[in-house]
There are 2 protein chains.
Amino acid sequence: MSQRGNESSAAALPPTGVYAVIFASTRPHDATDDYGDWSARMAELAREQPGFLGIESVRGEDGRGISVSYWASEADIAAWKAVAEHREAQRLGMKSFYSAFTVVVAKVERAYAFTREGGKRSG
Amino acid sequence: MSQRGNESSAAALPPTGVYAVIFASTRPHDATDDYGDWSARMAELAREQPGFLGIESVRGEDGRGISVSYWASEADIAAWKAVAEHREAQRLGMKSFYSAFTVVVAKVERAYAFTREGGKRSG
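It should be emphasised that the depicted structure is a prediction, and the values quoted were computed from it without experimental measurement.

A word on the pairing of strand 4 (residues 100-115) of chain A. The side chains of a regular strand alternate between both faces of the sheet. Within strand 4 of chain A, 12 of the 16 residues are buried, which leaves the element mostly enclosed by the surrounding structure. In this sheet, strand 4 of chain A lies alongside strand 1 (residues 19-26) of chain A in antiparallel orientation, the contact comprising eight bridges. Among the inter-strand pairings, S25(A) is bridged to a residue of strand 4 of chain A, identified as F101(A). The pairing of strand 4 of chain A with strand 4 (residues 100-115) of chain B spans 15 bridges and is classified as antiparallel. Looking at strand 4 of chain B, one finds that F101(A) is bridged to F114(B). Sheet topology places strand 4 of chain A next to strand 5 (residues 119-122) of chain A; four bridges connect them, and they run antiparallel. Bridging from a neighbouring strand, A113(A) pairs with R121(A) of strand 5 of chain A. Here strand 4 of chain A hands over to strand 5 of chain A after three residues, the two strands then running antiparallel side by side.

Analysis parameters
- Residues numbered from 1 in each chain as written.
- Chains lettered and ligands numbered in written order.
- Predicted model: local features only at pLDDT ≥ 70, side-chain atom pairs only at ≥ 80, totals over all residues.
- Heavy atoms only, no water.
- Buried < 20%, exposed > 50% of the residue type's maximum accessible area, 1.4 Å probe, protein only.
- Helix = DSSP H or I, 4+ residues; strand = E, 2+ residues; numbered from the N terminus.
- Pairing = 2+ DSSP bridges.

It is worth stressing that arrangement in space is one thing and function is another; only the former is reported here.
See the structure below:
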C-alpha cells in the first residue's frame with residue numbers, strides 16, 4: 001500500500017476491512033492562499049501516522065478535488081484528525097481553503113486493479 | 001443525493017450502509033481517443049440505473065482521475081457493471097482509455113459536509 005502515495009497510482013490495493021476516507025472539496029475560484037504548501041505538508045504528515053495505508057489525490061482545473069486516504073482502523077482516523085498541525089489545517093480549510101467539502105468514511109469490501117502490462121488482478 | 005451529479009459537488013451526503021465505488025485511473029500521456037464522449041455517456045447512463053445515488057469525478061492535468069459513485073446495494077453495482085454499453089466501455093477502458101486503474105468498493109459508515117455559508121453538518 002505504500003506505493004499508493006507515489007505519483008504513479010493504481011499500484012497497491014487496500015485489503016478488506018480497512019477504512020477509506022473520501023474527501024471531496026471545492027477551492028474558491030479566486031483563491032490566493034498558501035494551500036499548496038499546506039496540502040503537501042498534510043500529505044507528508046499523514047504518511048507518518050499510525051495506521052496510514054495510502055492516499056490518492058486529484059484536483060481538476062475547475063477547482064474541484066477528491067482525495068481518498070486509507071487507514072487501518074477508525075481509531076487511526078480519529079487520531080489523525082486530532083493531530084495539532086492537522087487541526088490547524090482543518091481550521092484553515094473551513095476558513096479559506098475550501099468553499100465546500102464532504103467527508104465520507106467507508107469500510108473496504110473488495111478491490112481490484114488493472115495495469116496495461118499486468119492485466120486485471122484482485123486484492 | 002441527486003445534486004451530487006451536478007457540477008457543484010459537496011452538497012448531498014450518502015447515508016450509512018450504501019456503497020461507494022472508488023475508481024482511480026490514469027490516462028495515457030499520448031491519448032487521442034474519444035474518451036471524453038464515452039466518459040460523459042457513462043455518467044449519463046449510470047444516472048438512469050436502479051440504485052444509483054450519485055457520482056463525483058475529478059481529473060487532473062497529469063492524467064490521473066478519481067471518480068466516486070454511490071449505490072444502494074451490491075446488487076445494483078453488479079447490475080450496472082453488466083449493462084451492455086457499460087461493458088463495452090470497460091473493454092475500451094482496458095484496451096485504450098486507461099494505462100492503469102483501481103476499483104475499490106466500500107460500505108459507507110458516516111459522512112459530513114461543510115459549506116462556507118452553512119457550516120458543518122452530519123449526514
